[in-house]
Amino acid sequence: MNNFIFQNPTKIIFGKETIEKIGDELKKNNIKKVLIHYGGGSIKKNGVYDKVVISLKENNIEFIEVSGVKPNPRLSKVIEGIEFAKKNNVDGILAIGGGSVIDSAKAIAGGFFYDDYIWNAFATKNRFKKALPLFVILTLSATGSEMNGNAVITNEKTNQKWTTSGLALYPKVSIIDPTVQFSLPKKQTINGAVDAISHAMEFYFDGTKNNEIQLQLAESIIRTIITTTEILLGNPEDYDARANLVWSATLALNGLLSTGTKGGDWSSHELEHSLSALFDVSHGEGLAIIFPAWLKYNYNEHIERFDRFALKIFNIDTGNPSIDAKLGIETLIEWYKKIGQPTTLKEIGITENNIDKLVENATQKEYIGRLKRLSKEDIINIYKLAL
Ligand code: NZQ
Ligand code: ZN
(Lines give C-alpha, C1' and ligand atoms only; values in the text may rest on other atoms or scores of the structure.)
(Ligands and ions follow the chains in the order given, each with its own letter.)
Protein backbone atom coordinates (compact mmCIF):
# COMPACT_ATOMS: atom_id res chain seq x y z
CA MET A 1 0.00 0.00 0.00
CA ASN A 2 1.32 3.47 -0.88
CA ASN A 3 1.40 6.41 1.53
CA PHE A 4 -1.66 8.62 1.38
CA ILE A 5 -3.48 11.62 2.80
CA PHE A 6 -7.24 11.20 3.15
CA GLN A 7 -9.25 14.33 3.83
CA ASN A 8 -12.91 14.60 2.93
CA PRO A 9 -14.68 17.63 4.41
CA THR A 10 -18.17 17.04 2.95
CA LYS A 11 -21.03 16.51 5.38
CA ILE A 12 -23.54 14.00 4.00
CA ILE A 13 -27.19 14.02 5.02
CA PHE A 14 -28.70 10.80 3.72
CA GLY A 15 -32.21 9.39 3.61
CA LYS A 16 -35.90 10.02 3.17
CA GLU A 17 -37.33 13.49 3.80
CA THR A 18 -33.95 15.18 4.12
CA ILE A 19 -34.29 17.84 1.41
CA GLU A 20 -36.31 19.92 3.86
CA LYS A 21 -33.13 20.38 5.91
CA ILE A 22 -31.38 22.51 3.28
CA GLY A 23 -32.52 25.89 4.59
CA ASP A 24 -31.33 25.07 8.08
CA GLU A 25 -27.96 23.88 6.79
CA LEU A 26 -27.47 27.11 4.84
CA LYS A 27 -28.41 29.14 7.87
CA LYS A 28 -25.96 27.24 10.07
CA ASN A 29 -23.26 28.17 7.57
CA ASN A 30 -24.22 31.85 7.65
CA ILE A 31 -25.45 31.90 4.07
CA LYS A 32 -27.85 34.79 3.48
CA LYS A 33 -28.12 34.81 -0.30
CA VAL A 34 -27.60 31.74 -2.47
CA LEU A 35 -27.36 31.05 -6.19
CA ILE A 36 -29.50 28.04 -7.08
CA HIS A 37 -28.06 26.13 -10.02
CA TYR A 38 -29.94 23.38 -11.88
CA GLY A 39 -30.47 21.68 -15.20
CA GLY A 40 -33.29 21.25 -17.68
CA GLY A 41 -36.18 21.20 -15.25
CA SER A 42 -36.57 17.64 -13.91
CA ILE A 43 -36.50 19.16 -10.40
CA LYS A 44 -39.67 21.10 -11.17
CA LYS A 45 -41.50 17.94 -12.27
CA ASN A 46 -40.54 15.73 -9.33
CA GLY A 47 -41.23 18.24 -6.56
CA VAL A 48 -37.62 18.81 -5.45
CA TYR A 49 -37.58 22.46 -6.47
CA ASP A 50 -40.72 23.26 -4.47
CA LYS A 51 -39.35 21.57 -1.35
CA VAL A 52 -36.13 23.57 -1.60
CA VAL A 53 -37.92 26.87 -2.07
CA ILE A 54 -40.16 26.25 0.96
CA SER A 55 -37.16 25.41 3.11
CA LEU A 56 -35.22 28.49 1.96
CA LYS A 57 -38.17 30.77 2.62
CA GLU A 58 -38.75 29.28 6.07
CA ASN A 59 -35.15 30.12 6.91
CA ASN A 60 -35.19 33.60 5.35
CA ILE A 61 -32.57 32.76 2.78
CA GLU A 62 -32.65 34.90 -0.33
CA PHE A 63 -32.06 33.13 -3.64
CA ILE A 64 -31.43 33.78 -7.31
CA GLU A 65 -31.26 31.17 -10.08
CA VAL A 66 -29.19 30.09 -13.05
CA SER A 67 -30.68 27.02 -14.76
CA GLY A 68 -30.30 25.17 -18.05
CA VAL A 69 -27.13 23.20 -17.29
CA LYS A 70 -26.80 20.53 -19.97
CA PRO A 71 -25.44 17.02 -19.50
CA ASN A 72 -21.72 17.40 -20.34
CA PRO A 73 -21.84 20.87 -18.78
CA ARG A 74 -20.54 23.75 -20.84
CA LEU A 75 -18.05 26.49 -20.04
CA SER A 76 -20.41 29.22 -21.33
CA LYS A 77 -22.96 28.34 -18.64
CA VAL A 78 -20.23 28.48 -16.01
CA ILE A 79 -19.21 31.95 -17.17
CA GLU A 80 -22.86 33.06 -17.11
CA GLY A 81 -23.13 31.72 -13.55
CA ILE A 82 -19.97 33.47 -12.33
CA GLU A 83 -21.08 36.82 -13.75
CA PHE A 84 -24.56 36.50 -12.26
CA ALA A 85 -23.20 35.39 -8.89
CA LYS A 86 -20.81 38.36 -8.76
CA LYS A 87 -23.44 40.85 -9.90
CA ASN A 88 -25.82 39.66 -7.20
CA ASN A 89 -23.19 39.29 -4.53
CA VAL A 90 -24.21 35.80 -3.36
CA ASP A 91 -22.41 34.10 -0.52
CA GLY A 92 -23.00 30.48 -1.53
CA ILE A 93 -24.04 28.16 -4.37
CA LEU A 94 -26.73 25.47 -4.18
CA ALA A 95 -26.52 22.80 -6.88
CA ILE A 96 -29.66 20.73 -7.41
CA GLY A 97 -29.03 17.91 -9.85
CA GLY A 98 -26.64 15.23 -11.00
CA GLY A 99 -22.94 15.38 -11.80
CA SER A 100 -23.31 17.93 -14.58
CA VAL A 101 -25.08 20.48 -12.39
CA ILE A 102 -22.74 19.88 -9.44
CA ASP A 103 -19.63 20.22 -11.61
CA SER A 104 -20.94 23.40 -13.19
CA ALA A 105 -21.70 24.75 -9.71
CA LYS A 106 -18.18 23.89 -8.54
CA ALA A 107 -16.69 25.82 -11.46
CA ILE A 108 -18.88 28.83 -10.61
CA ALA A 109 -17.93 28.59 -6.93
CA GLY A 110 -14.22 28.51 -7.82
CA GLY A 111 -14.53 31.00 -10.68
CA PHE A 112 -16.07 33.57 -8.32
CA PHE A 113 -12.62 34.23 -6.80
CA TYR A 114 -10.41 33.24 -9.73
CA ASP A 115 -8.28 36.05 -11.22
CA ASP A 116 -7.06 34.22 -14.31
CA TYR A 117 -9.09 33.19 -17.41
CA ILE A 118 -11.48 30.54 -16.08
CA TRP A 119 -10.44 27.77 -18.49
CA ASN A 120 -6.90 27.95 -17.13
CA ALA A 121 -8.21 26.33 -13.94
CA PHE A 122 -8.77 23.24 -16.12
CA ALA A 123 -6.01 23.57 -18.70
CA THR A 124 -3.10 24.66 -16.51
CA LYS A 125 -1.78 23.94 -13.03
CA ASN A 126 -3.28 27.21 -11.79
CA ARG A 127 -6.24 25.48 -10.11
CA PHE A 128 -9.01 27.01 -7.98
CA LYS A 129 -7.59 27.75 -4.54
CA LYS A 130 -10.64 29.37 -3.04
CA ALA A 131 -14.36 28.88 -3.70
CA LEU A 132 -17.74 30.00 -2.49
CA PRO A 133 -19.29 27.45 -0.12
CA LEU A 134 -21.11 24.85 -2.18
CA PHE A 135 -24.23 22.94 -1.12
CA VAL A 136 -25.73 20.04 -3.05
CA ILE A 137 -29.06 18.30 -3.40
CA LEU A 138 -28.22 15.18 -5.35
CA THR A 139 -30.81 13.93 -7.85
CA LEU A 140 -28.77 11.37 -9.80
CA SER A 141 -26.12 9.04 -8.44
CA ALA A 142 -23.20 8.36 -10.73
CA THR A 143 -20.21 10.64 -10.43
CA GLY A 144 -19.57 10.96 -6.70
CA SER A 145 -19.30 14.70 -7.34
CA GLU A 146 -21.50 15.23 -4.27
CA MET A 147 -18.56 14.12 -2.11
CA ASN A 148 -15.42 14.90 -4.08
CA GLY A 149 -13.41 17.89 -5.27
CA ASN A 150 -13.59 17.24 -9.03
CA ALA A 151 -15.34 19.21 -11.75
CA VAL A 152 -15.47 18.16 -15.41
CA ILE A 153 -16.40 20.89 -17.87
CA THR A 154 -16.60 21.04 -21.65
CA ASN A 155 -15.10 24.03 -23.42
CA GLU A 156 -17.40 24.06 -26.42
CA LYS A 157 -15.14 26.45 -28.35
CA THR A 158 -12.15 24.12 -28.27
CA ASN A 159 -14.01 20.79 -27.90
CA GLN A 160 -12.05 19.97 -24.77
CA LYS A 161 -13.72 18.15 -21.89
CA TRP A 162 -11.28 18.53 -19.03
CA THR A 163 -11.16 18.05 -15.28
CA THR A 164 -10.04 20.25 -12.45
CA SER A 165 -9.88 19.29 -8.80
CA GLY A 166 -8.98 20.65 -5.42
CA LEU A 167 -9.89 20.78 -1.77
CA ALA A 168 -11.71 24.10 -2.27
CA LEU A 169 -14.29 22.39 -4.51
CA TYR A 170 -15.65 19.80 -2.08
CA PRO A 171 -19.28 20.54 -1.23
CA LYS A 172 -19.79 21.72 2.34
CA VAL A 173 -23.01 19.74 2.68
CA SER A 174 -24.66 17.25 0.32
CA ILE A 175 -28.18 16.00 0.83
CA ILE A 176 -28.85 12.59 -0.66
CA ASP A 177 -32.49 11.50 -0.61
CA PRO A 178 -32.70 8.27 -2.65
CA THR A 179 -36.47 8.70 -3.23
CA VAL A 180 -35.69 11.69 -5.47
CA GLN A 181 -34.21 9.20 -7.92
CA PHE A 182 -37.48 7.28 -8.34
CA SER A 183 -38.21 9.73 -11.16
CA LEU A 184 -35.06 8.91 -13.13
CA PRO A 185 -35.53 7.48 -16.61
CA LYS A 186 -34.16 3.90 -16.69
CA LYS A 187 -31.41 5.06 -19.00
CA GLN A 188 -30.06 7.49 -16.40
CA THR A 189 -30.05 4.87 -13.65
CA ILE A 190 -28.09 2.59 -15.99
CA ASN A 191 -25.64 5.31 -16.99
CA GLY A 192 -25.06 6.08 -13.33
CA ALA A 193 -24.44 2.43 -12.48
CA VAL A 194 -21.89 2.05 -15.28
CA ASP A 195 -20.11 5.25 -14.27
CA ALA A 196 -19.84 4.21 -10.62
CA ILE A 197 -18.61 0.72 -11.55
CA SER A 198 -16.05 2.38 -13.82
CA HIS A 199 -14.77 4.54 -10.95
CA ALA A 200 -14.21 1.46 -8.81
CA MET A 201 -12.46 -0.22 -11.76
CA GLU A 202 -10.15 2.75 -12.37
CA PHE A 203 -8.65 2.19 -8.90
CA TYR A 204 -8.87 -1.62 -9.08
CA PHE A 205 -6.86 -1.78 -12.29
CA ASP A 206 -4.20 0.89 -11.74
CA GLY A 207 -1.43 -1.60 -11.04
CA THR A 208 -1.15 -1.06 -7.27
CA LYS A 209 -0.13 -4.19 -5.39
CA ASN A 210 -0.85 -5.25 -1.79
CA ASN A 211 -3.92 -3.09 -1.30
CA GLU A 212 -6.30 -5.80 -0.12
CA ILE A 213 -8.68 -3.54 1.78
CA GLN A 214 -9.27 -1.25 -1.20
CA LEU A 215 -9.76 -4.25 -3.48
CA GLN A 216 -12.38 -5.75 -1.20
CA LEU A 217 -14.13 -2.40 -0.86
CA ALA A 218 -14.17 -1.98 -4.65
CA GLU A 219 -15.45 -5.52 -5.16
CA SER A 220 -18.33 -5.06 -2.75
CA ILE A 221 -19.23 -1.73 -4.33
CA ILE A 222 -19.26 -3.27 -7.83
CA ARG A 223 -21.27 -6.32 -6.73
CA THR A 224 -23.76 -4.14 -4.88
CA ILE A 225 -24.23 -1.93 -7.93
CA ILE A 226 -24.83 -4.96 -10.15
CA THR A 227 -27.48 -6.49 -7.90
CA THR A 228 -29.27 -3.26 -7.04
CA THR A 229 -29.37 -2.09 -10.67
CA GLU A 230 -31.03 -5.35 -11.66
CA ILE A 231 -33.66 -4.89 -8.95
CA LEU A 232 -34.29 -1.27 -9.99
CA LEU A 233 -34.77 -2.17 -13.63
CA GLY A 234 -37.76 -4.23 -12.45
CA ASN A 235 -38.93 -1.78 -9.79
CA PRO A 236 -37.41 1.73 -9.90
CA GLU A 237 -39.06 2.59 -6.58
CA ASP A 238 -37.51 -0.19 -4.49
CA TYR A 239 -36.16 2.04 -1.69
CA ASP A 240 -33.55 -0.30 -0.29
CA ALA A 241 -32.10 -1.15 -3.68
CA ARG A 242 -32.05 2.54 -4.60
CA ALA A 243 -30.44 3.57 -1.31
CA ASN A 244 -27.73 0.95 -1.64
CA LEU A 245 -26.99 1.88 -5.24
CA VAL A 246 -26.89 5.57 -4.40
CA TRP A 247 -24.47 5.20 -1.50
CA SER A 248 -22.28 2.78 -3.47
CA ALA A 249 -21.93 5.40 -6.21
CA THR A 250 -20.87 8.04 -3.69
CA LEU A 251 -18.31 5.69 -2.10
CA ALA A 252 -16.86 4.77 -5.49
CA LEU A 253 -15.42 8.26 -5.98
CA ASN A 254 -15.16 10.03 -2.64
CA GLY A 255 -11.49 9.28 -2.12
CA LEU A 256 -11.95 6.06 -0.16
CA LEU A 257 -11.00 3.67 -2.96
CA SER A 258 -8.04 5.74 -4.06
CA THR A 259 -6.28 5.60 -0.67
CA GLY A 260 -3.02 3.70 -0.93
CA THR A 261 -3.28 3.26 -4.70
CA LYS A 262 -1.37 4.97 -7.52
CA GLY A 263 -4.41 7.24 -7.82
CA GLY A 264 -6.38 5.28 -10.39
CA ASP A 265 -5.60 4.55 -14.02
CA TRP A 266 -8.17 6.92 -15.62
CA SER A 267 -7.34 6.03 -19.24
CA SER A 268 -10.90 4.92 -19.94
CA HIS A 269 -12.25 8.16 -18.48
CA GLU A 270 -9.87 10.29 -20.52
CA LEU A 271 -10.70 8.45 -23.74
CA GLU A 272 -14.41 8.68 -22.94
CA HIS A 273 -14.21 12.40 -22.24
CA SER A 274 -12.94 12.91 -25.79
CA LEU A 275 -15.98 10.98 -27.02
CA SER A 276 -18.30 13.23 -25.00
CA ALA A 277 -16.43 16.40 -26.02
CA LEU A 278 -16.70 15.66 -29.72
CA PHE A 279 -20.00 13.80 -30.02
CA ASP A 280 -21.93 14.78 -26.86
CA VAL A 281 -22.21 11.14 -25.82
CA SER A 282 -23.49 10.62 -22.26
CA HIS A 283 -20.65 9.68 -19.93
CA GLY A 284 -22.11 6.37 -18.70
CA GLU A 285 -22.84 5.24 -22.23
CA GLY A 286 -19.37 6.14 -23.45
CA LEU A 287 -17.78 4.25 -20.57
CA ALA A 288 -19.74 1.08 -21.37
CA ILE A 289 -18.05 1.19 -24.77
CA ILE A 290 -14.54 2.41 -23.95
CA PHE A 291 -13.77 0.67 -20.64
CA PRO A 292 -14.21 -2.89 -21.95
CA ALA A 293 -11.93 -2.04 -24.90
CA TRP A 294 -9.28 -0.76 -22.47
CA LEU A 295 -9.67 -3.93 -20.36
CA LYS A 296 -9.23 -6.17 -23.41
CA TYR A 297 -6.16 -4.22 -24.51
CA ASN A 298 -4.46 -4.25 -21.11
CA TYR A 299 -5.31 -7.46 -19.23
CA ASN A 300 -1.84 -8.88 -19.79
CA GLU A 301 -0.33 -5.93 -17.90
CA HIS A 302 -1.64 -7.27 -14.56
CA ILE A 303 -3.08 -10.69 -15.18
CA GLU A 304 -3.53 -11.65 -11.49
CA ARG A 305 -5.74 -8.62 -10.91
CA PHE A 306 -7.91 -9.32 -13.97
CA ASP A 307 -8.16 -12.98 -12.91
CA ARG A 308 -9.23 -11.89 -9.43
CA PHE A 309 -11.86 -9.51 -10.88
CA ALA A 310 -13.43 -12.40 -12.82
CA LEU A 311 -13.55 -14.55 -9.68
CA LYS A 312 -14.76 -11.95 -7.19
CA ILE A 313 -17.31 -10.23 -9.40
CA PHE A 314 -18.60 -13.05 -11.60
CA ASN A 315 -17.49 -16.27 -9.86
CA ILE A 316 -15.39 -17.31 -12.85
CA ASP A 317 -12.66 -19.84 -12.07
CA THR A 318 -11.47 -22.22 -14.78
CA GLY A 319 -8.03 -22.51 -13.18
CA ASN A 320 -6.40 -20.68 -16.11
CA PRO A 321 -5.76 -16.99 -15.23
CA SER A 322 -5.60 -15.82 -18.81
CA ILE A 323 -8.86 -17.51 -19.78
CA ASP A 324 -10.51 -16.25 -16.60
CA ALA A 325 -9.35 -12.69 -17.25
CA LYS A 326 -10.87 -12.74 -20.73
CA LEU A 327 -14.08 -14.38 -19.52
CA GLY A 328 -14.42 -11.72 -16.82
CA ILE A 329 -14.25 -8.97 -19.42
CA GLU A 330 -16.73 -10.75 -21.69
CA THR A 331 -19.14 -11.26 -18.79
CA LEU A 332 -18.97 -7.56 -17.93
CA ILE A 333 -19.76 -6.70 -21.56
CA GLU A 334 -22.69 -9.15 -21.51
CA TRP A 335 -24.01 -7.51 -18.35
CA TYR A 336 -23.78 -4.06 -19.93
CA LYS A 337 -25.73 -5.39 -22.91
CA LYS A 338 -28.29 -7.01 -20.62
CA ILE A 339 -29.03 -3.72 -18.85
CA GLY A 340 -29.37 -1.98 -22.19
CA GLN A 341 -26.06 -0.20 -22.77
CA PRO A 342 -24.36 0.00 -26.15
CA THR A 343 -20.93 -1.65 -26.02
CA THR A 344 -19.52 -0.61 -29.40
CA LEU A 345 -18.89 2.76 -31.05
CA LYS A 346 -20.80 1.67 -34.14
CA GLU A 347 -23.99 1.34 -32.10
CA ILE A 348 -23.83 5.07 -31.34
CA GLY A 349 -22.99 6.02 -34.92
CA ILE A 350 -19.24 6.46 -34.58
CA THR A 351 -17.12 4.77 -37.25
CA GLU A 352 -13.49 4.26 -38.17
CA ASN A 353 -13.57 7.65 -39.96
CA ASN A 354 -13.91 9.36 -36.57
CA ILE A 355 -10.91 7.70 -34.93
CA ASP A 356 -8.34 10.31 -36.05
CA LYS A 357 -10.38 13.10 -34.52
CA LEU A 358 -10.80 11.18 -31.26
CA VAL A 359 -7.10 10.43 -31.05
CA GLU A 360 -6.17 14.05 -31.78
CA ASN A 361 -8.52 15.18 -29.02
CA ALA A 362 -7.29 12.62 -26.45
CA THR A 363 -3.59 13.15 -27.08
CA GLN A 364 -3.78 16.79 -25.98
CA LYS A 365 -3.61 15.49 -22.41
CA GLU A 366 -0.27 15.59 -20.63
CA TYR A 367 -0.32 11.81 -20.23
CA ILE A 368 -2.87 9.02 -20.11
CA GLY A 369 -2.76 5.91 -17.94
CA ARG A 370 -1.06 4.60 -14.81
CA LEU A 371 -1.32 0.83 -15.21
CA LYS A 372 0.25 1.49 -18.57
CA ARG A 373 1.21 4.91 -19.90
CA LEU A 374 -0.60 4.94 -23.26
CA SER A 375 1.26 5.89 -26.42
CA LYS A 376 -0.57 7.42 -29.37
CA GLU A 377 -0.55 4.01 -31.00
CA ASP A 378 -2.11 2.42 -27.90
CA ILE A 379 -4.85 5.05 -27.98
CA ILE A 380 -5.57 4.35 -31.65
CA ASN A 381 -5.70 0.63 -30.92
CA ILE A 382 -8.10 1.03 -27.99
CA TYR A 383 -10.51 3.20 -29.98
CA LYS A 384 -10.33 0.64 -32.80
CA LEU A 385 -11.06 -2.19 -30.39
CA ALA A 386 -14.13 -0.24 -29.27
CA LEU A 387 -15.54 -0.08 -32.81
O1 NZQ B 1 -31.15 18.55 -16.56
P2 NZQ B 1 -32.04 17.85 -15.61
O3 NZQ B 1 -33.45 18.26 -15.71
O4 NZQ B 1 -31.52 17.88 -14.20
O5 NZQ B 1 -32.07 16.30 -16.08
C6 NZQ B 1 -30.98 15.43 -15.88
C7 NZQ B 1 -30.15 15.16 -17.13
O8 NZQ B 1 -30.93 15.26 -18.29
C9 NZQ B 1 -31.53 14.06 -15.56
N10 NZQ B 1 -31.89 13.90 -14.15
C11 NZQ B 1 -31.09 14.12 -13.07
N12 NZQ B 1 -31.76 13.79 -11.94
C13 NZQ B 1 -33.00 13.40 -12.31
C14 NZQ B 1 -33.09 13.49 -13.72
N15 NZQ B 1 -34.21 13.16 -14.38
C16 NZQ B 1 -35.27 12.75 -13.64
N17 NZQ B 1 -35.25 12.61 -12.30
C18 NZQ B 1 -34.14 12.93 -11.59
N19 NZQ B 1 -34.10 12.75 -10.26
O20 NZQ B 1 -30.47 13.18 -15.88
C21 NZQ B 1 -29.75 13.70 -17.00
C22 NZQ B 1 -28.27 13.50 -16.82
O23 NZQ B 1 -27.78 14.27 -15.74
P24 NZQ B 1 -26.20 14.49 -15.51
O25 NZQ B 1 -26.05 15.38 -14.35
O26 NZQ B 1 -25.56 14.89 -16.80
O27 NZQ B 1 -25.69 13.03 -15.18
P28 NZQ B 1 -24.50 12.50 -14.33
O29 NZQ B 1 -24.78 12.62 -12.88
O30 NZQ B 1 -24.19 11.17 -14.86
O31 NZQ B 1 -23.28 13.51 -14.64
C32 NZQ B 1 -22.45 13.32 -15.75
C33 NZQ B 1 -21.36 14.38 -15.83
O34 NZQ B 1 -20.44 14.28 -14.74
C35 NZQ B 1 -19.10 14.11 -15.26
C36 NZQ B 1 -19.35 13.43 -16.56
O37 NZQ B 1 -18.24 13.48 -17.41
C38 NZQ B 1 -20.55 14.20 -17.10
O39 NZQ B 1 -20.15 15.43 -17.62
N40 NZQ B 1 -18.26 13.41 -14.28
C41 NZQ B 1 -17.97 14.04 -13.13
C42 NZQ B 1 -17.13 13.49 -12.19
C43 NZQ B 1 -16.83 14.17 -10.93
N44 NZQ B 1 -17.25 15.40 -10.74
O45 NZQ B 1 -16.17 13.60 -10.06
C46 NZQ B 1 -16.46 12.20 -12.42
C47 NZQ B 1 -17.09 11.39 -13.48
O48 NZQ B 1 -16.21 10.42 -13.91
C49 NZQ B 1 -17.59 12.17 -14.64
O50 NZQ B 1 -16.58 12.46 -15.57
ZN1 ZN C 1 -17.00 8.71 -14.47
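Since the structure is predicted, the reported quantities are computational estimates derived from the model, not experimental observations.

Conventions and cut-offs
Positions within a chain are numbered from 1, following the residues in the order the chain's sequence is written. Throughout, the order in which chains and ligands are written sets their labels, letters from A for the former and numbers from 1 for the latter. Only residues with pLDDT of at least 70 get local features here, since the model is predicted, and only at 80 or more are side-chain atom pairs given and counted; chain-wide, interface and lining totals rely on the full set of residues. The side-chain numbers reported here are obtained from all heavy atoms of the structure, hydrogens and water having been left aside. Numbering of helices and strands runs from the N terminus, with a helix taken as a DSSP run of H or I at least four residues long and a strand as a DSSP run of E at least two residues long. Values of the radius of gyration come from C-alpha atoms, whereas the globule rule sets the reference at 2.2 Å times the count of residues to the power 0.38. For the exposure calls, accessible area comes from a 1.4 Å probe over protein chains only, and a residue counts as buried if that area is under 20% of its type's maximum, exposed if over 50%, partly exposed in between. Contacts are residue-level and defined by heavy atoms, with any inter-residue pair within 4.5 Å sufficient. One heavy atom suffices: a residue is near a molecule or strand as soon as one of its heavy atoms comes within 4 Å of it. Side-chain atoms alone can form a polar contact between residues adjacent in sequence; in general such a contact is a pair of N or O atoms within 3.5 Å, and within protein one must be able to donate a hydrogen while the other accepts it. Accessible surface is estimated by sampling points in the Shrake-Rupley manner with a 1.4 Å probe; for residues, cover comes only from the protein chains shown. When residues are grouped by polarity, Ala, Val, Leu, Ile, Met, Phe, Trp, Tyr, Cys and Pro land in nonpolar, Asp, Glu, Lys and Arg in charged, and all others, Gly among them, in polar. In this document the domain limits rely on a domain assignment from an automatic tool or a database. UniProt positions are given in the numbering used here, feature names are shortened, and annotations may be inferred rather than shown by experiment. For this analysis, a nonpolar core means a set of buried residues of the types Ala, Val, Leu, Ile, Met, Phe, Trp, Tyr and Cys, connected via side-chain atoms within 4.5 Å. Every residue is assigned a pLDDT by the predictor, reflecting its confidence on a scale from 0 to 100. Strands are labelled as partners when DSSP assigns at least two bridges between them. Simply put, the buried area is the total loss of 1.4 Å probe accessible area from both parts when two parts are fitted together. The salt bridge criterion pairs a side-chain nitrogen of Lys or Arg with a carboxyl oxygen of Asp or Glu, the two atoms within 4 Å. Axes here mean lines fitted to C-alpha atoms, for a helix over just the part in contact, with angles spanning 0 to 180 degrees between N-to-C directions. Working definition: rings of Phe, Tyr and Trp (its six-membered ring) pair if their centres are within 6.5 Å, and the pair is stacked with planes under 30 degrees apart, edge-to-face with planes over 60 apart, and tilted otherwise.

(A) Representation of the overall build of the chain in the model. Summing up its helical and strand segments, the chain has 15 helices and eight strands in all. In terms of overall size, the chain behaves like a compact globule, its C-alpha atoms giving a radius of gyration of 20 Å where 387 residues would be expected to give roughly 21 Å. Overall size of the chain, expressed as C-alpha extent along the three principal axes, is 65 × 45 × 45 Å. Burial analysis of the chain (387 residues in total) assigns 58% to the buried set. Sequence separation of at least 24 residues holds for 77% of the intrachain contacts in the chain that already meet a minimum separation of 6.

(B) Quick peek at the site of ligand 1. In the neighbourhood of ligand 1, 32 residues make up the surrounding shell, with Gly40, Gly99, Ser100, Lys161 and His199 lying closest. Within the backbone of Ser42, one N or O atom sits 2.9 Å away from an oxygen atom of ligand 1. A distance of 3.1 Å separates an oxygen atom of ligand 1 from a polar atom in the side chain of His283. Its free accessible area being 960 Å², ligand 1 has 90% of it covered by the protein chains. Counted by class, the shell around ligand 1 contains nine nonpolar, 20 polar and three charged residues. The residue makeup of the shell around ligand 1 includes at least three contributed by each of domain 1 (11–179) and domain 2 (186–385).

(C) Examining the UniProt feature "domain: Fe-containing alcohol dehydrogenase-like C-terminal" (unreviewed entry) in the chain more closely. Under the feature "domain: Fe-containing alcohol dehydrogenase-like C-terminal" (unreviewed entry), the UniProt entry names residues 189–386. Here residues 189–386 runs as 66% helix and 0% strand, with 23 Å between its end C-alpha atoms.

(D) Quick look at the nonpolar core. Membership of the largest hydrophobic core comes to 64 residues, with the highest contact counts inside it found for Met201, Leu271, Leu295, Phe306, Tyr336 and Tyr383. Per-element tally for this core: the top contributor is helix H7 (residues 186–204), with nine residues. If we ignore the near neighbours within four places in the chain, the residues touching Leu271 are Ile290, Ala362, Ile368, Leu374, Ile379, Ile382 and Tyr383. Judged by nonpolar contacts, the second largest core, of 35 residues, contains Leu75, Trp119, Leu134 and Leu169.

(E) Fine view of the confidence of the model for the chain. Of all residues in the chain, 100% attain a pLDDT of 70 or more, and the chain-wide mean is 98. Among the prediction metrics, the complex's ipTM stands at 0.99, with pTM recorded as 0.98.

(F) How the structure looks around the pairing of strand E2 (residues 33–38). Counting buried positions over the six residues of E2 gives six, a clear majority of the element. Burial along E2 is two-sided: the residues Lys33, Leu35 and His37 and Val34, Ile36 and Tyr38 are all buried. Relative to strand E3 (residues 62–66), E2 is paired through five bridges, and the arrangement is parallel. Bridge pairing in E3 links His37 to Val66.

(G) Broad picture of the domain arrangement of the chain. As far as domains go, the chain holds domain 1 (11–179) and domain 2 (186–385). Once you take the C-alpha centre of each, domain 1 and domain 2 turn out to be 26 Å apart. Each partner contributes residues to the interface: domain 1 has 26 residues there, and domain 2 has 24 residues. Between domain 1 and domain 2, roughly 2100 Å² of surface is buried when both sides are summed, and carbon and sulfur atoms account for 57% of that area. Counting across the domain 1 and domain 2 interface gives two salt bridges. For Arg74, the salt bridge goes to Asp280, with nearest N and O atoms at 3.4 Å. On the surface where domain 1 and domain 2 come into contact, there are eight residue pairs in polar contact (both at pLDDT 80 or more).

(H) Representation of the sheet that holds strand E8 (residues 173–176). Judged by pairing direction, the sheet is parallel, and its six strands sit side by side in the order E1-E8-E5-E4-E2-E3 without closing on themselves. At either end of the open sheet lies a strand with only one pairing partner, and these are strand E1 (11–14) and E3. The mean angle between the axes of side-by-side strands here comes to 20°, regardless of whether they run parallel or antiparallel. For strand E4 (residues 92–97) and strand E5 (residues 134–138), the ladder comprises five bridges, and the chain directions are parallel. Bridge assignment links Ile93 to a residue of E5, and that residue is Leu134. Its contacts with the sheet put helix H5 (residues 99–111) on E2, E4 and E5, and the angle it makes with E4 is roughly 170°.

(I) Focus on the UniProt feature "domain: Alcohol dehydrogenase iron-type/glycerol dehydrogenase GldA" (unreviewed entry) in the chain. Under the present numbering, the feature "domain: Alcohol dehydrogenase iron-type/glycerol dehydrogenase GldA" (unreviewed entry) in UniProt falls on residues 9–178. For residues 9–178, the helix share is 31%, the strand share is 25%, and the end-to-end C-alpha distance is 21 Å.

(J) Layout of the packing of aromatic side chains. This structure, assessed with the given rule, holds 15 aromatic pairs. For the ring pair Phe14 and Trp247, a centre distance of 5.9 Å and an interplane angle of 70° mean the geometry is edge-to-face. Of the two residues, Phe14 is situated in strand E1 and Trp247 in helix H9 (residues 239–252); the sequence distance between them amounts to 233 residues. Judged by its relative accessible area of 34%, Phe14 falls in the partly exposed class. For Trp247, a relative accessible area of 31% translates into the label partly exposed. Ring geometry for Phe309 versus Phe314: centroids 6.2 Å apart, planes at 80°, classification edge-to-face. In this pair, the class of Phe309 matches that of Phe314, namely buried. One aromatic cluster is present, formed by Tyr114, Trp119, Phe122, Phe128 and Trp162 through successive ring pairs.

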